[in-house]
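Listed below are the residues making up each chain.
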Amino acid sequence: MALNVLSRSDIQLRKAKRRPSVPGADSAAEPPGLLAEADVLARLEAAARVGDEQAFLAAKDAVDWDARPAGDFLRAVQLALSAGAHIAARHLAAQGAARYPDSAELQKYARVLAPPQVIRATAQPNAGLRANRDWIMAHGAEYHGQWVALRNGQLLAVGASLDAVIAQMGGTDGALFTKVY
């Protein structure tokens, strides 16, 4: 299957041929660098179809996004992802979500594509873990090679295997089981 990929000059040439000639009208009527309405999504789609990120970015930059409807933002985000232009997809989603706050889809894309946020949460210190560690540091040499069960720094059971220690305990609730090395 052959893909028809057009260069920027090919697209501009085709646009010029389609434009009706109006006496007294010059080519400066259309702002330079902006695509005709019909070509906007077609050019983005062509770049995405072949996976050309650079062509997609060039086509995206040639669009006046302030004049585009929410549906065009959604389609452009999807095409940007297809073209591998993930940062462009993030920016388009954020811009579309800001412009169309009632669009649930644009809000979802903006949230999903937003930069990750690191939320720092400090865990409460666990006195029992510290006490168990301190017990192992103080008494580990006495129980070298054996399994022990500890809770809050107190020795609960000792055995040659984990199964033997669990059997002595009658369960595993709230205890630390470890082999001492």
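Residues numbered from 1 in each chain as written. Predicted model: local features only at pLDDT ≥ 70, side-chain atom pairs only at ≥ 80, totals over all residues. Heavy atoms only, no water.

Asker: Honestly, the packing of aromatic side chains in this entry has me stumped. Any pointers?
Answerer: Any two aromatic rings considered together are summarised by their centre-to-centre distance and by the angle between their planes. Applying the stated criterion to the full structure yields 3 aromatic pairs. Their ring planes at 45 degrees and their centres at 5.1 Å tell us that tryptophan 65 and phenylalanine 73 sit as a pair that is tilted. Classification of phenylalanine 73 as buried rests on a relative accessible area of 0%. Note on tryptophan 135 and tyrosine 143: the rings are 5.4 Å apart at their centroids and 35 degrees apart in plane angle, and the pair reads as tilted. Taken as a pair, tryptophan 135 and tyrosine 143 share a single burial class, namely buried. Among the aromatic residues, ring-to-ring pairing joins Trp65, Phe73 and Tyr100 into one connected group. Taking NZ or CZ as reference, lysine 108 lies 6.0 Å from the ring centre of tyrosine 109, over its face. (Phe/Tyr/Trp six-rings, centres within 6.5 Å; stacked < 30°, edge-to-face > 60°. Buried < 20%, exposed > 50% of the residue type's maximum accessible area, 1.4 Å probe, protein only. Lys NZ or Arg CZ within 6 Å of the ring centre and 35° of its normal.)

Asker: Would you mind showing me how to read helix H6 (residues 104-113) here?
Answerer: The periodicity of an α-helix, 3.6 residues per turn, causes residues three or four places apart in sequence to face the same way. Of the residues making up H6, those classed as buried are Leu106, Tyr109, Ala110 and Leu113. Burial along H6 is one-sided: seen end-on, the buried residues are contained in an arc of 100 degrees. The outward face of H6, more than 90 degrees from its buried face, is lined by the exposed residues Ala104, Arg111 and Val112. Structurally, H6 contributes buried residues whose contacts are with helix H4 (70-83) and helix H5 (86-99). (Helix = DSSP H or I, 4+ residues; strand = E, 2+ residues; numbered from the N terminus. Arc of directions from axis to C-beta. Contact = heavy atoms within 4.5 Å.)

Asker: Explain the nonpolar core here, please?
Answerer: Across soluble globular proteins, nonpolar side chains have a tendency to be buried as a group. Counting 26 residues, the largest nonpolar core has Leu44, Phe56, Trp65, Val77 and Leu92 as its most contacted members. Breaking this core down by element, the ones donating at least two residues are helix H2 (40-50), helix H3 (53-61), H4, H5 and H6. It is H4 that contributes the most residues to this core, 8 residues altogether. (Core = buried A, V, L, I, M, F, W, Y, C linked by side-chain atoms within 4.5 Å.)

Asker: Before we go on, may I ask you to explain the confidence of the model for the protein chain in this structure?
Answerer: For the protein chain, the mean per-residue pLDDT works out to 83, and 79% of the residues sit at or above 70. Taken together, the stretch residues 15-35 has pLDDT below 50 and engages in 18 contacts with residues farther than four places along the chain or on a different chain. (pLDDT = per-residue confidence, 0-100.)

Asker: Can you walk me through the environment of aspartate 52 in this structure?
Answerer: Within the secondary structure layout, aspartate 52 lies in the loop between H2 and H3. Look at aspartate 52 and you get partly exposed, because its relative accessible area is 32%. Each C-alpha atom of the pair aspartate 52 and alanine 80 lies 9.9 Å from the other, and the pair is 28 residues apart in sequence. Of note is the side chain of aspartate 52, whose polar atom sits 3.1 Å from the backbone nitrogen of alanine 55. (Polar contact = N/O pair within 3.5 Å; in protein donor to acceptor, adjacent residues only side chain to side chain.)

Asker: Is there a simple way to think about the packing of H4 against H6 in this case?
Answerer: Helix-helix packing: each pair is described by the crossing angle between the helix axes and the interaxial distance. The interhelical angle for the contact between H4 and H6, taken along N-to-C directions, is 35 degrees, at an axis separation of 10 Å. H6 is crossed by H4, and the crossing has left-handed handedness. Of H6, the residues touching H4 (which contributes Ala70, Phe73, Leu74, Val77, Gln78 and Leu81) are Glu105, Leu106, Tyr109 and Leu113. In the contact of H4 with H6, the residues fall into 8 nonpolar, 1 polar and 1 charged. (Axes fitted to C-alpha atoms, helices over the stretch in contact; angles between N-to-C directions. Left-handed = near helix turned anticlockwise from the far one by under 90°. Nonpolar A, V, L, I, M, F, W, Y, C, P; charged D, E, K, R; others polar.)

Asker: Whenever I open this one, the pattern of salt bridges confuses me. Can you help?
Answerer: Pairs can form between side chains of opposite charge once their charged atoms are near each other. Evaluation of the coordinates by the stated rule reveals 5 salt bridges. Between aspartate 61 and lysine 60 there is a salt bridge, and its shortest N-O distance comes to 3.0 Å. Exposure remark for aspartate 61: the relative accessible area of 56% places this residue in the exposed category. Put simply, arginine 133 and aspartate 134 hold a salt bridge, and the shortest N to O gap is 3.4 Å. (Salt bridge = Lys/Arg side-chain N within 4 Å of Asp/Glu carboxyl O.)

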